[in-house]
Amino acid sequence: MSKLSKKLKHSEKYRKFFERQKELYKLIEENGKDILQSGNFKKTKDYTQHGTVSVSKHSMNVAKYSVAWSQKLGIACSQRDLIRGALLHDYFLYDWHDKDRKDYQPLHGFYHPGIALRNADREYKLTPREKDIIGKHMWPLTVVPPMCREAWIVTAADKYCSFMETVRLHKGHNRRHHDRRGN
């Protein structure tokens, strides 16, 4: 195989990858436009989730991987509920790293699913599946396991994305995170 044909094969691979990313983001936009455009969701860009990744970016990552995995594995589910639940799963609306915050909880992982669910339920008419996704995505910390396949998918995608972001294989551009560390 010549150098040119290797480069063409390589560029075709990247073209397909970026086309797929575009398809996934289009699905997220179509099913979660009201969430993505809301003032509170936009504020989540200012809160760090893992590493340098904002809560907003993390939620988008979880939605993207949830949809991709459900499609790749042929898992029949409500794509709309899957996407909306993934976007809202960390809708706690505060910087959980801020120990000076009035209602700081050192065990954020145990408490934030309930807080996210209350916040999301105040702003959106949630389906039972969306509630299951948001309220149980931290299983086994939530003790009661997810009851629908959409919640299991988001739970798995959240754990994967959290790991990738924490070890910095998924990078974000959260300026606030850098400022806090003096970088």
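This text goes with the structure placed above it.
Values in this document were obtained by computation on a predicted structure and should not be read as measured data.

What counts as what
- Residues numbered from 1 in each chain as written.
- Predicted model: local features only at pLDDT ≥ 70, side-chain atom pairs only at ≥ 80, totals over all residues.
- Heavy atoms only, no water.
- Helix = DSSP H or I, 4+ residues; strand = E, 2+ residues; numbered from the N terminus.
- Contact = heavy atoms within 4.5 Å.
- Buried < 20%, exposed > 50% of the residue type's maximum accessible area, 1.4 Å probe, protein only.
- Expected span 1.5 Å × (residues − 1).

(A) Structural view of the environment of K42. One can find K42 in helix 2 (residues 39-43). Separated by 14 residues in sequence, K42 and S56 place their C-alpha atoms 7.3 Å apart. Those residues in contact with K42 that sit more than four places away from it in its chain are L36 and Q37.

(B) Fine view of the environment of A116. Looking at the secondary structure, you find A116 in helix 5 (residues 108-123). Exposure remark for A116: the relative accessible area of 0% places this residue in the buried category. Non-local contacts of A116, meaning those with residues more than four positions away in its chain, are made with L88, H89, D90, Y91, F92 and I134.

(C) Up close: helix 3 (residues 55-72). With 18 residues, helix 3 extends 25 Å from end C-alpha to end C-alpha; this agrees with the ideal 26 Å at 1.5 Å per step. Of all 18 residues in helix 3, 14 are buried; the element is thus mostly enclosed. At the C-terminal side of helix 3, G74 shows a positive phi close to 65°.

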